Amino acid sequence: MQFRRESQREREMLSSSSYSHHCARAHPPRPRPHKKQKSTVVKSKNAFHRRGVAVTAMGSGGMPAKDRKLRWSSDVDQWEKPDFTSANSDCIALNRNECLTVSVPATTANIGPGFDSLGFAVDLRNDVTVEFSPTGTFILELKGEGCDFLPRDETNAVIEAVKKGYRFQSNDKRELDVSALKFTSTNRIPPARGLGSSSAALVCGLAAGMTLAGSDVSTARARRDLLNLACEVEGHPDNVAPAIFGGFQIALSDENEWITSSVNIPEGMLCSLFIPDFHSLTSETRAALSDKLTQAEAVFNIGRTATLINAFNQSDFRLMKIGTQDIMHQHQRGDKQFGLDKIIAAAIGAGAHCCFLSGAGPTVLAMTGGDENGKIGDSTIAAITAERVAEAMSDAAKEFGVEGQALIVEPTMEGISAWIDVFDDGEDVVDMM
């Protein structure tokens, strides 16, 4: 059996790597700038160091800017943002010798009993780049997952989100004209498999649009606005919160505000994924769930959710199996459809700490690794166990007649990231990687 292994990305440029069981490259590193530009990369800088101002507007849970009446430190450089009243069609915070990149991680949501409330990020990332088109016309280039069926025009979810983010950041004063822009969407997250692909597309697009309108997506205010915007579209925060902030997030709505709180992830944990070959739409699986719970069912999930949070915070692996049990949605979505109960039992039997349905499925995620101190140390047993668990999950699925692929990833604390590459015209391209 072949396994693909996702290693932790380098912090600076977020170059995603993937390895098979024999360490073969599964996808190339981030591509060089477009050859036709004949340019030299002179520097690479974070997008948020380049343009300074964010314009607060209303998200799904936030107050309108006019009601907040607050200023932030980033308001100091108001003159650096685009003039949204200008007739200039290039009303964006990007020069013609620059390329904006936004990178967002895959996420696993619910984590058993935490329906619509819990999620954490893993080191499998989608990237979107924006630059001026060399042909002067709209271009959307797709790479990786979903290239055979995702739209390549302005109806693509990423492009729609870019426009929404830009419109929000301009305080509804301006629509983004994409007719002269080139977008490259590199998709490593399998779509419609329960790994937050739609949330990654949404967050990537919104952040790109906000940045093009002069936002600093690293600031607390911008990320709050980004969370509000994303939740307005998604309706629930369990994927978008870790996609934005990274790590393990508890997220909920309270008094018209979206609240997030981080949870410890024990150091050295690995995630073994079994990804079935078929697609599953969240809207369809959600519609099949009951909208009522008995008191006993509610108590069951409340107790497991509390146990799960404590297990992660205390690095208590003994409690993770119990803490990820659920009575509300998991088995309704997977037992009869693809043998979820058998896959979970196989993972636990092979040495996993816990196993659960990732989001709405059909991906199943099992956690291995770490020790009582929350570290792997110098032992290879975590990697060996992760592969053994992935193989057991695949075998259990095959017995149920379900084919799929195994993938081993790591939880990541890295959420959304954005940077701008700057080129000198007229020179050869230099690879900065």
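Residues numbered from 1 in each chain as written. Predicted model: local features only at pLDDT ≥ 70, side-chain atom pairs only at ≥ 80, totals over all residues. Heavy atoms only, no water.

Caption draft 1: Structural context of the packing of helix α10 (residues 340-349) against helix α11 (residues 381-399). Between α10 and α11, whose axes approach to 8 Å, the crossing angle comes to 150°. Here α10 is positioned roughly antiparallel relative to α11, judged by the angle of their axes. As for how α10 packs across α11, the hand of that crossing is right-handed. Along the contact surface, α10 presents K342, I343, A346 and A347, while α11 presents V389, A392, M393, A396 and A397. Looking at the contact of α10 with α11 residue by residue, the classes come out as eight nonpolar, no polar and one charged. (Axes fitted to C-alpha atoms, helices over the stretch in contact; angles between N-to-C directions. Helix = DSSP H or I, 4+ residues; strand = E, 2+ residues; numbered from the N terminus. Parallel < 35°, antiparallel > 145°, perpendicular 65-115°, else oblique. Left-handed = near helix turned anticlockwise from the far one by under 90°. Contact = heavy atoms within 4.5 Å. Nonpolar A, V, L, I, M, F, W, Y, C, P; charged D, E, K, R; others polar.)

Caption draft 2: Representation of the pairing of strand β6 (residues 139-144) in the model. As paired strands, β6 and strand β7 (residues 181-187) are joined by six bridges and run parallel to one another. Across the sheet, K143 pairs through a bridge with T186, a residue of β7. In this fold, the crossover linking β6 to β7 by way of helix α2 (residues 157-169) has left-handed handedness. (Pairing = 2+ DSSP bridges. Right-handed = clockwise from strand over helix to strand, strands pointing away.)

Caption draft 3: View of the side chain of H236. Along the chain, H236 turns up in the loop between α4 (220-234) and α5 (240-245). A distance of 2.7 Å separates the side chain of H236 from the side chain of D238, its partner in a polar contact. (Polar contact = N/O pair within 3.5 Å; in protein donor to acceptor, adjacent residues only side chain to side chain.)

Caption draft 4: Region of the structure containing unusual backbone geometry. Following G361, the chain continues into P362 via a peptide bond in cis, with omega recorded as 10°. Within the element layout of this structure, P362 appears in the loop between β11 (354-357) and β12 (364-369). The backbone of I111 sits at a positive phi, close to 50°, despite the residue not being glycine. Looking at the element boundaries, I111 is found in the loop between β4 (98-109) and β5 (118-132). We classify I111 as buried; its relative accessible area is 0%. The phi angle at N171 is positive, at roughly 60°, despite the residue not being glycine. (Buried < 20%, exposed > 50% of the residue type's maximum accessible area, 1.4 Å probe, protein only.)

Caption draft 5: Representation of the pattern of salt bridges in the model. Under the definition given, this model contains nine salt bridges. Taking the shortest distance from any N to any O, the salt bridge between R188 and D127 comes out at 3.1 Å. Placement of R188 in the loop between β7 and α3 (197-212) and of D127 in strand β5 is noted, with a sequence separation of 61 residues between them. Exposure remark for R188: the relative accessible area of 9% places this residue in the buried category. Among the ionic contacts, a cluster of salt bridges with common partners joins E141, K143 and K182. (Salt bridge = Lys/Arg side-chain N within 4 Å of Asp/Glu carboxyl O.)

Caption draft 6: Local environment of the packing of aromatic side chains. Using the criterion set out here, one finds four aromatic pairs in the structure. Ring centres 5.1 Å apart and planes at 85° place the aromatic pair F248 and F312 in the edge-to-face group. Separated by 64 residues along the polypeptide, F248 in strand β8 (residues 248-254) and F312 in helix α7 (residues 295-313) bring together distant segments of the chain. Exposure remark for F312: the relative accessible area of 0% places this residue in the buried category. One aromatic cluster is present, built from ring pairs that chain together F120, F248 and F312. The side chain of R304 reaches across the aromatic face of F300, ending 3.7 Å from its centre. (Phe/Tyr/Trp six-rings, centres within 6.5 Å; stacked < 30°, edge-to-face > 60°. Lys NZ or Arg CZ within 6 Å of the ring centre and 35° of its normal.)

Caption draft 7: Looking closely at the layout of surface pockets. When its volume is computed, the largest pocket comes out at roughly 760 Å³. Forming the boundary of the largest pocket are 43 residues, of which A192, G196, S197, S198 and S199 lie nearest the centre. Those elements that place two or more of their residues in the lining of the largest pocket are α2, β7, α3, α4 and α6 (282-287). Here the lining of the largest pocket is built from residues that sort into 16 nonpolar, 18 polar and nine charged. (1 Å grid on protein atoms, 1.4 Å probe; cavity = no way out; pocket = protein on both sides within 12 Å on 5 of 7 lines; lining within 4 Å. Points joined across faces, edges and corners; volume = space filled by probe spheres on them.)

Caption draft 8: Just α4, in detail. An ideal rise of 1.5 Å per residue puts 21 Å on 15 residues; α4 measures up with 21 Å between its terminal C-alpha atoms. Among all positions in α4, only R221, A222, R223, D225, L226, L227, N228, L229, A230 and C231 are buried. As for α4, its buried residues are in contact with α2, α3, α5 and β9 (257-263). In the stretch just after α4, G235 is the one whose phi turns positive, near 90°. (Expected span 1.5 Å × (residues − 1).)

Caption draft 9: How the structure looks around the confidence of the model for the protein chain. On average, residues of the protein chain carry a pLDDT of 80, and 74% of them reach 70 or more. For the stretch residues 1-68, pLDDT sits under 50, and the model shows 216 contacts to residues farther than four places along the chain or on other chains. Within the model, pLDDT remains below 50 along residues 426-433, and this stretch shows 21 contacts once partners closer than five positions in the same chain are excluded. (pLDDT = per-residue confidence, 0-100.)

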